[in-house]
Amino acid sequence: MWVNPEDVLLAGALWITERANPYFILQKRKGHGDGGGGLAGLLVGTLDVVLDSSARVAPYRILYQTPDSLVYWIIAH
């Protein structure tokens, strides 16, 4: 789903980078799609419920970064 761009300072906190180029990064949420989920899936799921119980976090996202900036922008979930 396309969203209004939001800035992100820590691009890898709970996310794994699947693909990247100088401008875009495709990231997958830790714990999603790992078969049984394991401990990482359990911890990430618990954090999602505790921190924001009203919204479900998408398992993938696309970030944009200009080469001269340290700030990433979420452009798609």
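In case you missed it, the structure is sitting above this.
As the structure is a prediction and not an experimental result, all values here were calculated from the model.

**Student:** Help me out: how do you make sense of the packing of aromatic side chains in this one?
**Tutor:** The description of two aromatic rings rests on the distance between their centres and on the angle between their planes. What the rule picks out here adds up to 1 aromatic pair. Seen in terms of ring centroids, Phe 24 and Tyr 64 are 5.4 Å apart; in terms of plane orientation they differ by 50°. Their pairing is tilted. Placement of the pair is Phe 24 in strand E3 (residues 24-29) and Tyr 64 in strand E4 (residues 60-64), with a sequence separation of 40 residues. Under the relative-accessibility criterion, Tyr 64 is labelled partly exposed at 28%.

**Student:** Before we go on, may I ask you to explain the pairing of E3 in this structure?
**Tutor:** On a regular strand, each side chain points to the face opposite its neighbour's, so the side chains alternate between the two faces of the sheet. Alignment of strand E2 (residues 15-20) against E3, held across 5 bridges, turns out to be antiparallel. Residue pairing in the sheet places Arg 19 in a bridge with Leu 26 of E3. Two strands pair when backbone bridges link them, and E3 and E4 are joined in this way by 5 bridges, in the antiparallel orientation. Bridging from a neighbouring strand, Lys 28 pairs with Tyr 60 of E4.

**Student:** Looking at this structure, I do not really get the environment of Tyr 23. What am I missing?
**Tutor:** On the secondary structure map, Tyr 23 appears in the loop between E2 and E3. What makes Tyr 23 partly exposed here is its relative accessible area of 40%. Sequence separation between Tyr 23 and Pro 67 is 44 residues, and the spatial gap between their C-alpha atoms is 6.9 Å. When sequence neighbours within four positions are dropped, the list of residues in contact with Tyr 23 reads Leu 63, Tyr 64, Gln 65 and Pro 67.

Definitions and limits used
- Residues numbered from 1 in each chain as written.
- Predicted model: local features only at pLDDT ≥ 70, side-chain atom pairs only at ≥ 80, totals over all residues.
- Heavy atoms only, no water.
- Phe/Tyr/Trp six-rings, centres within 6.5 Å; stacked < 30°, edge-to-face > 60°.
- Helix = DSSP H or I, 4+ residues; strand = E, 2+ residues; numbered from the N terminus.
- Buried < 20%, exposed > 50% of the residue type's maximum accessible area, 1.4 Å probe, protein only.
- Pairing = 2+ DSSP bridges.
- Contact = heavy atoms within 4.5 Å.

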